[in-house]
Amino acid sequence: MKRSMLFVALLFISAQLFSQNQTNNSSALNAAETLLNSDSKLSIGGYAQIDFNQPLSDGQRQNATLDVHRLVLLFGYRFGEKTSFVSEIELEHVQEVYVEQAFMNHEFLPWLNLRGGLMLVPMGIINEYHEPPTYNGVERPNLDSKIVPTTWREVGLGFTGRLDNASLKYQLYVMNGFNGYDGGGKFRGSDGFRKGRQKGAESFMSSPTLAARIDYYGLPGLKLGLSTYNGKSQSALYDGLADDDDAALAMADSSVVGINMLGFDARYRNGGFEARGQFNVANISNTDEYNDLTGSDLGSQMLGWYLEAGYNILHGNQSGQRLVPFVRYEQYNTHSKTDGNLAVNDKYNRTDVTVGAGWWLTTGTVLKADYQFFSNANDSNSGQFNLGIGIWF
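Scoring rules and cut-offs
- Residues numbered from 1 in each chain as written.
- Predicted model: local features only at pLDDT ≥ 70, side-chain atom pairs only at ≥ 80, totals over all residues.
- Heavy atoms only, no water.
- Helix = DSSP H or I, 4+ residues; strand = E, 2+ residues; numbered from the N terminus.
- Rg over C-alpha atoms; globule rule 2.2 N^0.38 Å.
- Buried < 20%, exposed > 50% of the residue type's maximum accessible area, 1.4 Å probe, protein only.
- Contact = heavy atoms within 4.5 Å.
- Areas by Shrake-Rupley, 256 points an atom, 1.4 Å probe, with all protein chains shown as cover.
- Core = buried A, V, L, I, M, F, W, Y, C linked by side-chain atoms within 4.5 Å.
- Salt bridge = Lys/Arg side-chain N within 4 Å of Asp/Glu carboxyl O.
- Phe/Tyr/Trp six-rings, centres within 6.5 Å; stacked < 30°, edge-to-face > 60°.

S.K.: I'd like a description of the overall build of the protein, backed by residues and values.
M.R.: Counting secondary structure elements, the protein contains 5 helices and 18 strands. Here the C-alpha atoms of the protein give a radius of gyration of 21 Å, agreeing with the 21 Å that 2.2 N^0.38 yields for 393 residues. Taking the principal axes of its C-alpha atoms as reference, the protein extends roughly 70 × 60 × 45 Å. The 393 residues of the protein split such that 50% are buried. When contacts within the protein are restricted to residue pairs at least 6 apart in sequence, long-range pairs at least 24 apart make up 63% of them. By element, 57% of the accessible surface of the protein is carried by carbon and sulfur atoms, the whole surface being about 17900 Å².

Below is the structure:
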């Protein structure tokens, strides 16, 4: 924990020291924001990620994987000056089809927008800025995969807006929660809540959850984010439950966990130098009862962080191209704490180092190459070589 807070403090101090000669970066947009800001009545776009992954480990030969990881089609429609609709339709691995976003946005005032539908939970950097040309590395950080978990979207309703005089942007939503139990437990120690994402597919809700985020962009070159998620997981055992059936109620209560997640992230750019960092902690209650009921191994706390730095060696080049070598160090532990008789599993305490480069031919096209070193507290070591193509238009 001390090291986690130290890296956040160092990143913030460094940004303060270098901020005097930079321009404000609050204008950086993701796909949904691009559609909302379009002047066209109908907006069409998309992004794609095509990967080559070669796992490497001592004493074992493994095939490489070539994958059209995702192809996403973006459609936005502006009904009038104040009301818009945004959608993302995603094809994963060629054959899996998902709706990633589908929400209505109505602007009462610049600082007060009503938003409802299938929306991204505003936790961390990658969950909202997941288009391949917006981040370094062929694969997204594993912290975002195992703890956040990206891409995390649920159905909800809430408010969002900007207060430019205070350099603040906020989001506040009431949403359905994770599916923690629907005949069996969904959560586990290896990847936490990931299997419980409902994704707007006939989602059910036994109790609401709250998601909120504040972004600050008042310092030139720097963007800071603070996000939280609070509530309980959902359980199918509450459906049709008789009010006077104490035994069934006790069983249903055992199938639910309380989730309190907090995240802090920072992005910074100074000339050719760029850096980003993220810290997430999730405290989970009732895991002892949940694991007894489901036979799972869910921890009572998950904690992780990463720090990444890169430099655009083509900075100042008039072509507009970017060539960014980078390094990312991340630590994440889905068994930071456990309750009851469940012992901490050291293989879930993981450290990843990613070293590579990205070559942006244009703003929306990038070629990527990197090598990842994977290890855990059991001293298990492996690696993976990755190549990728990223597109966004």
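Don't stop here, the text continues.
S.K.: Summarise the nonpolar core; cite the residues concerned and give the values.
M.R.: Trp152, Phe193 and Tyr229 are the most contacted members of the largest nonpolar core, which totals 35 residues. Contributions of two or more residues to this core are made by α2 (31–36), β2 (65–78), β7 (168–175), β12 (258–270), β13 (273–285) and β14 (301–311). Tallying contributions element by element places α2 first for this core, with 4 residues. Within the second largest apolar cluster, 5 residues are counted, among which are Leu219, Leu222, Leu224 and Tyr268.

S.K.: Hey, could you go over the environment of Leu56 for me, with residue numbers and the actual values?
M.R.: The residue Leu56 is located in strand β1 (residues 42–56) in this model. When its relative accessible area of 38% is taken as the criterion, Leu56 is described as partly exposed. Along the chain, Leu56 and Pro133 lie 77 residues apart, while their C-alpha atoms are 26 Å from each other. The residues contacting Leu56, other than those within four sequence positions of it, are Tyr371, Ser382, Gly383 and Gln384.

S.K.: Give a description of the pattern of salt bridges that names residues and reports values.
M.R.: Per the stated rule, a full pass over the model turns up 13 salt bridges. The partner of Arg70 in a salt bridge is Glu90, and the shortest N-O contact between them spans 3.1 Å. With Arg70 in strand β2 and Glu90 in strand β3 (residues 83–92), this residue pair connects regions lying 20 residues apart in the sequence. As far as burial versus exposure is concerned, Arg70 and Glu90 are alike and both buried. Note that Arg213 and Glu128 form a salt bridge whose closest N and O atoms lie 3.6 Å from each other. Of this pair, Arg213 sits in strand β9 (residues 209–216) while Glu128 is found in the loop between β5 (112–120) and α3 (142–146), placing the two residues 85 residues apart along the sequence. Each of the two residues, Arg213 as well as Glu128, counts as buried. The network of salt bridges with shared partners includes Glu128, Arg213, Asp215 and Asp265.

S.K.: Quick rundown of the packing of aromatic side chains? Include the residues and the values.
M.R.: Counted under the stated rule, the structure contains 12 aromatic pairs. Geometrically, the ring pair formed by Phe52 and Phe385 is edge-to-face, given 6.4 Å between the ring centres and 70° between the ring planes. Pair noted here: Phe52 is in strand β1 and Phe385 is in strand β18 (residues 381–392), with a separation of 333 residues, a long-range link. For Phe385, a relative accessible area of 32% corresponds to the partly exposed category. Taking the centre distance of 5.3 Å and the plane angle of 80° together, the rings of Phe187 and Phe193 count as edge-to-face.

S.K.: Summarise unusual backbone geometry; cite the residues concerned and give the values.
M.R.: Across residues other than glycine, the phi torsion is negative in most instances, and most of the peptide bonds are trans. The omega angle of the peptide bond from Val148 to Pro149 is -10°, so this bond is cis rather than trans. Positionally, Pro149 belongs in the loop between α3 and β6 (153–163). Between Thr150 and Thr151 the backbone carries a cis peptide bond, its omega angle lying at -15°. Relative to the elements of secondary structure, Thr151 occurs in the loop between α3 and β6. Positive phi is not limited to glycine here, since Glu202 has a value of about 50°. Mapping Glu202 onto the fold places it in the loop between β8 (179–181) and β9. On the accessibility criterion, Glu202 (78% relative accessible area) is exposed.

It is worth stressing that arrangement in space is one thing and function is another; only the former is reported here.
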